[in-house]
Structures are given as C-alpha cells and as structure tokens.
Amino acid sequence: MKLDSLTELLQRVLDGAPAGSLESETLDFKRDPHTVTGHAAPKNPRARLVEELVDAVVCFSNGVGGRIVLGVDDKASGVDALTGTAEDPQFLRQRIYGNTRPQLTLAIDEVEFRGVRLLIITVPEGLDLVTDTKGKALRRDGTSCHPISEDARRALAHERRNPDLTARPSERAWRDVQPSALNQARYLLAQLVDLRAQMAELDDLSMLRALNVVDRDDRLLVAGEILFCTPGYDVLDLLVRGASGGEPSVRRLREPLVVLLPHALDLIRSSIDPEVAHVALLSGQEVALPDFSPIAVDEAVTNALVHRDYSLQERVVIDQSPNVLRIWSPGGLPYGVAQDRLLSTVSTPRNPVLMGALQQLGLAERASRGIDRMFREQVRVGQQVPGIRVDDFSVEVYFSSGAPNRAFASYVASLPSTLRDNVDALLTLAHLCQHPTVNVAMAATLLQVSEDEARHRVESLAAGPHALVERDGDSRRGIRWRLRPAVATALGTAVQHRTRADAARPRVEAHLAEYGWITNKTIRNMFDLDVQQATQMLNDLRAANVVVKDPDGPQRGPSIRWLPTTQEQRDAARRRRGGE
C-alpha cells in the first residue's frame, strides 16, 4: 500500500469512518498504550506496546506482509482516533528484531497527519516461518490474527524454504517494465561478445524469460521489478563533499537497477582522481596511481546495490570526499556470512535470481566477484585496505585515501601476474612492510582463515622462484615469516619498520669497530629497547649484512654475540641476491 492511499484512508477516519472498518489483510491500526488513561491504562505501557507490535509483525510476516500504523485507535473515528505516538523508531526496531525468530529488520517511518505524529511499520512477507521468542506463530486472516497449527507451520516453512526474495512473484505485471530500462538491457547485451548478445534481438517478454525474471506463468518476479521498473521510493543517495566534513551536494536517484547501476558507477568514477601519483617501471612504462582504486570502488558499489536487503525500503548511501569514500547499504550480512571471514567465505549472494540476471546482462562480470578483489585492488595501487562495519541493520564499506605508497605499488607492478592477483601475497607483503615478522595467529587474522590454513598459505609464498617470504631464524616464539632480503631491498622505502635499524646502524657500527662484538643487552641499553625489540633490530641489521652471529659462541638465547660482517661475507650475500 502506498503512502498516498494510506493518507486517503486516514482522511476517511478523520471524516468519521471507524478506523477498524478500514483495516484489511495488509493494514492494521494500533493505539500506543502510552496514550491510554484512566483504569484501562497499562502499568507498563512500553512493554505492552512491544508485545502487541511483535504479535502483529509475526502475524503479517506469516501472511503476505502489510503495514502497521501506530498512533491510530481502531475503535474510534474522527479526531478521537488520531491518538499519535511519541515512541522512538530505533527502540521499536531493536525490540522487534530481538523478539522475533528469525530476527526481522523492519523499516519504520515517521509521518505527520493533521499535526499528529504516527509511525508506519512496514512488514515484508517472511522468508521463513516467523515466531516470537516463545515459539508462538500467528497468521493474518482477514483483519484478525490466529495461531498457526503444527501442520500449517510445516507447510509454510516448506513453502518458504527458498529465502531469495527476488525469486518471488512481484505485484507488478511484466508489462509494467520501463521501455527505457529494456532499451538499456538491449544495449548492454549487444556489447557482449558471446551468445548472450543474441538476446538483444528478442521481444520484450522473450528477453525477460531469457533473463529468468518471469516465472512459468509469465508473472514478473521481484528481480524483474527491481531491474526494470521504476521503484516507488528513492533507491540511492549520492553525497559529494569538497572536503571531508564539508557540506555535501546531494543527488537522489530513483531508477530501475539496470539503469541505476551504470549511472551510479559513472557518477562516482567522475569524482575519482585517476592519477594522484605515478610510478615508472624498469621497462620504461609508467603506471598511474588513483586516490581510490576504480575496480575496488566498482566492486563495493555493485555489492551495495545487488546484495542489499530489498525487503527494506531504505536507500543505499554513498558519501564521497577527496579523502574518504563511504558506501552504506541496508540489511546485515547474508545468513552464514561472518564479518571476520569475508575474504575467505564462498560468495553467498542474498538475491541469487537478481544476481543471475545481472550476470547475464554483463553488469556483474567485472564487479561483484568478492570482497577479496576489493582488498587486493586497493592495496595494489598503494592505498590502505577498505574497512567494513557491520551491524544487524546495515553494512558499511569505507575507503581512506592518502598519498599512495609508490614504492609498494611499483614493486607489486613488477611481480608476475600470479602474485599481482594473489590477495594472500599482497596482504602479507603490506603487513610485512609495517611489521618485521608475521606469525601464524596474525596470518590467520590477516587472511581470515584458520591457523592451519594460514600456515599453508604463507608457506606457499616462501616457495618457488618468486618466493616473497622466508622463515625467521629465531623460532623460540613459534613459526614466523619475514620478507626475503631481496624482496625487502626491492620494496625500498615501502618497508617502514626498517627506519629504526637504519637510524641505529652508525652507532652499532661504531661500537663494533671499538669492541669487535655486540649483544642483545648492549642494544637494549644503547637504544632503550626491550628484549624483543632489540632482537628484531639485530635481525634487521643481520639482513642488511651489518652483523653476523659469532660461529664460536651460543647460537640461541640472550648470550649470542654478534660480530661485524667481513667483506667476504658481504660479497657472498651480494652474489646470492644476484642469483635470486
């Protein structure tokens, strides 16, 4: 039911019609218990309100969905029926979420009618049997709610075991699709270089069938409505700021998705600086470095529009400034997807039928391939990995842009494609540019896999002709890896943790020249470090061929003596690097 038709019904109530007489299978009026006075007033009106709303939400969700109008007395008419409400929508959303199984995230809108504040709670048809926390299941029958029998529960659960909202029949007919949206689809299909291009020659209904967005009875599916019909609400807000924190210009879009997605990508790309810096390769080729990776941004925007929760009539919001890009989409992560496993979880689209149609159109081929692609592309251009914030109601991806790490981007561009396209390799390199070593636990967190799998993945980066890492010689604290000396040298200034060792080198060399050896304790006293920091500095100095362990002394523990490297040892190290 559209808001304008709801306004007409409220006007009829104001004109004298009893509110209850206008209720239907998809509309329910409710009075806020806070407005009840006298002997009928409940002792805990807020608890009573939550209880009544949870019952109504469960009831609608197990039916065809509907709307609850809070702030209207269904037993009254005229001005007396408009009792209003002062309740907080966020509070109600959280309580309904916490008291339904499976937990439901609902859109709650504030409206004002004749100076009275009302809340409109939109309840979509459930994707499964819905109950309260005690297992009670209700279903709407006309204007009443009734308990569902055990047989009816099983039948409803079986009917709804397909959780894909976009696979369900739409309320719109296929003839309601926008001609401009179909023309856009034909244009996209005609650009493809495989057999899908032939679909551009089909008539309207045949093309919708080929895209699998109508059912066997030629009823338009929700996926077809999203793709080809103009939505009844704004779908995307694009905020562009001249500076972070500045006042944004706002562009609000309401278009069929087949038009909206390319349009939104074009608008965002036009605000990305494609060359904030560039790096020159040994081949003489120059590589431009953008402020945000266009591939990573395309991935994030496509994910937000394709995998959002379409049961919520809320907007995707893209907030762009020169240094920060935030992309917010309604709905939490799909079932079975954990925030700390986004890189390694098998792709789980929330809307498979919609996703399938977009792939047919070629809109989801270059993007929506996985979060790992987003991370990899952003790191590859010398920027930080994106951040991802998740709650029960939304997913936010944010990018931060600064001066690109040109040394890192230059080195990555020189790698073989097998490593350039390897997200494990790039994330491990980026980590080891900031930290001297990575252990198994950190690798598991970094790559979002189990510790056993992380160990195998990092070990694979230590093998072969293009090995990037090697086992650290000090294994007292477990298995650790560090950059191979040749890789650390090639990365140059990208290796941030070398700064301390480089600054310490003149004093260490002076001490070696005077005394002939140095220990961990000496390093600690000279530079006010703890044992681990001193050990790492000595390991860095060893990697730089400044010191070597005394072969005649202890090889482990704090009593190790370190000697200055000889010219012969330095020459041998250079020959090894030359052979790598």
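Anyway, here's the lowdown on the structure attached to this text. (Residues numbered from 1 in each chain as written. Predicted model: local features only at pLDDT ≥ 70, side-chain atom pairs only at ≥ 80, totals over all residues. Heavy atoms only, no water.)

**Here's the deal with helix 12 (residues 406–413)**
- For helix 12, the complete set of buried residues consists of Phe-408, Ala-409, Tyr-411 and Val-412. Buried positions in helix 12, seen along its axis, are confined to an arc of 165° and lie on one side of it.
- In the core, the buried residues of helix 12 are packed alongside strand 12 (286–289), helix 11 (371–380), helix 13 (417–420), helix 14 (423–434) and helix 17 (485–491). (Buried < 20%, exposed > 50% of the residue type's maximum accessible area, 1.4 Å probe, protein only. Helix = DSSP H or I, 4+ residues; strand = E, 2+ residues; numbered from the N terminus. Arc of directions from axis to C-beta. Contact = heavy atoms within 4.5 Å.)

**Some remarks on the packing of aromatic side chains**
- Per the counting criterion, the structure on display carries two aromatic pairs.
- Aromatic side chains Tyr-97 and Phe-393 sit 5.6 Å apart centroid to centroid with 65° between the ring planes, which places their arrangement in the edge-to-face category. Placement of Tyr-97 in helix 3 (residues 89–98) and of Phe-393 in the loop between strand 15 (387–390) and strand 16 (394–400) is noted, with a sequence separation of 296 residues between them. By the burial criterion, Tyr-97 is buried, and Phe-393 matches it.
- On the basis of an interplanar angle of 75° and a centroid distance of 6.5 Å, the ring pair of Phe-292 and Phe-399 is categorised as edge-to-face. One end of the pair, Phe-292, is in the loop between strand 12 and helix 9 (294–306); the other, Phe-399, is in strand 16, and 107 residues separate them in sequence.
- The class for Phe-292 is buried, based on a relative accessible area of 1%. (Phe/Tyr/Trp six-rings, centres within 6.5 Å; stacked < 30°, edge-to-face > 60°.)

**Some thoughts on the sheet that holds strand 19 (residues 480–483)**
- Taken in spatial order, the three strands make up an open sheet running 17-19-18, and their pairing is antiparallel. Strands with a single pairing partner mark the edges of an open sheet, and in this sheet they are strand 17 (438–439) and strand 18 (469–471).
- Bridge analysis of strand 17 against strand 19 gives two bridges, and the strand direction is antiparallel. Residue pairing across strands places Asn-439 opposite Arg-480, the latter belonging to strand 19.
- In the packing of helix 14 onto the sheet, the strands contacted are strand 17, strand 18 and strand 19, and the crossing angle to strand 19 comes to about 85°. (Pairing = 2+ DSSP bridges. Axes fitted to C-alpha atoms, helices over the stretch in contact; angles between N-to-C directions.)

**Observations regarding the pairing of strand 8 (residues 144–147)**
- Bridge count between strand 7 (residues 138–141) and strand 8: four bridges; the pairing is antiparallel. Directly across from Arg-139, in strand 8, lies its bridge partner His-146.
- In this structure, the hairpin formed by strand 7 and strand 8 is closed by a connection of two residues, where Gly-142 is found at a positive phi of approximately 70°.

**Concerning the sheet that holds strand 1 (residues 27–30)**
- Taken together, the four strands give an open sheet; going across it, the order is 1-2-5-4, and neighbouring strands pair in mixed fashion. The strands lining the two open edges of the sheet, one partner per strand, are strand 1 and strand 4 (107–113). Taking the axes of each pair of neighbouring strands and ignoring which way they run, one obtains an average angle of 25° across the sheet.
- Bridge count between strand 1 and strand 2 (residues 66–70): four bridges; the pairing is parallel. Each bridged residue has a counterpart across the sheet, and for Leu-27 the counterpart in strand 2 is Arg-67.

**Considering the nonpolar core**
- Counting 99 residues, the largest nonpolar core has Leu-227, Phe-228, Leu-257 and Leu-491 as its most contacted members.
- No other element matches the eight residues that helix 8 (residues 257–269) contributes to this core.
- What Leu-491 contacts, discounting residues up to four positions off in sequence, is Ala-407, Phe-408, Tyr-411, Leu-429, Cys-433 and Leu-483.
- In this structure, Leu-53, Val-58, Leu-92 and Ile-96 belong to the second largest nonpolar core, which totals 22 residues. (Core = buried A, V, L, I, M, F, W, Y, C linked by side-chain atoms within 4.5 Å.)

**Overview of unusual backbone geometry**
- Geometrically, the link from Arg-101 to Pro-102 is a cis peptide bond, its omega value of -5° lying close to zero.
- By the element assignment, Pro-102 lies in the loop between strand 3 (100–101) and strand 4.
- A positive phi angle is found at Arg-114, which is not glycine, with a value near 55°.
- Here Arg-114 lies in the loop between strand 4 and strand 5 (116–123).
- Residue Arg-114 is classed as exposed on the basis of its relative accessible area, which comes to 57%.
- Here the phi dihedral of Asn-212 falls at roughly 60°; this positive angle occurs in a residue that is not glycine.
- When you line up the elements, Asn-212 lands in the loop between helix 6 (204–210) and helix 7 (222–228).

**Remarks on the pattern of salt bridges**
- Counting across every chain of the model gives 32 salt bridges.
- Put simply, Arg-172 and Glu-225 hold a salt bridge, and the shortest N to O gap is 3.9 Å. Taken together, the residues span a long stretch of sequence, with Arg-172 in the loop between helix 4 (150–159) and helix 5 (179–190) and Glu-225 in helix 7 at a distance of 53 residues.
- Overall, Arg-172 belongs to the partly exposed group, its relative accessible area being 26%.
- Its salt-bridge partner being Asp-319, residue Arg-241 comes within 2.7 Å of it at the nearest N-O pair. With Arg-241 in the loop between strand 9 (236–240) and strand 10 (249–253) and Asp-319 in strand 13 (residues 316–320), the pair connects residues that are 78 residues apart, well separated along the chain. For the pair Arg-241 and Asp-319, a shared accessibility class is recorded, and that class is buried. (Salt bridge = Lys/Arg side-chain N within 4 Å of Asp/Glu carboxyl O.)

**Let's talk about the packing of helix 9 against helix 11**
- Put simply, helix 9 and helix 11 touch, their axes get as near as 8 Å, and they point 155° apart. Between helix 9 and helix 11, the crossing angle belongs to the class labelled roughly antiparallel. For the pair helix 9 and helix 11, the crossing hand works out as left-handed. Residues Ile-295, Ala-296, Glu-299, Ala-300 and Asn-303 of helix 9 pack against Ile-371, Arg-373, Met-374, Glu-377 and Gln-378 of helix 11.
- Its residues assigned to classes, the contact of helix 9 with helix 11 shows five nonpolar, two polar and three charged. (Parallel < 35°, antiparallel > 145°, perpendicular 65-115°, else oblique. Left-handed = near helix turned anticlockwise from the far one by under 90°. Nonpolar A, V, L, I, M, F, W, Y, C, P; charged D, E, K, R; others polar.)

**Some points on the pairing of strand 11 (residues 277–280)**
- Of the two faces of strand 11, only one is covered, namely that formed by Ala-277 and Val-279; the face formed by His-278 and Ala-280 stays uncovered.
- Pairing analysis gives four bridges linking strand 11 to strand 12, with the strands arranged antiparallel. Within strand 12, the position partnered with Ala-277 by the bridge is Leu-289.

**Quick word on the environment of Glu-110**
- Residue position: Glu-110 is located in strand 4.
- With a relative accessible area of 51%, Glu-110 lands in the exposed category.
- Along the primary structure Glu-110 and Leu-156 are separated by 46 residues, whereas in three dimensions their C-alpha atoms are 32 Å apart.
- Among all residues touching Glu-110, those that are not within four sequence positions of it are Pro-89, Arg-117, Leu-118 and Leu-119.
- Here Arg-117 takes part through its side chain, which lies 3.0 Å from a polar atom of the side chain of Glu-110. (Polar contact = N/O pair within 3.5 Å; in protein donor to acceptor, adjacent residues only side chain to side chain.)

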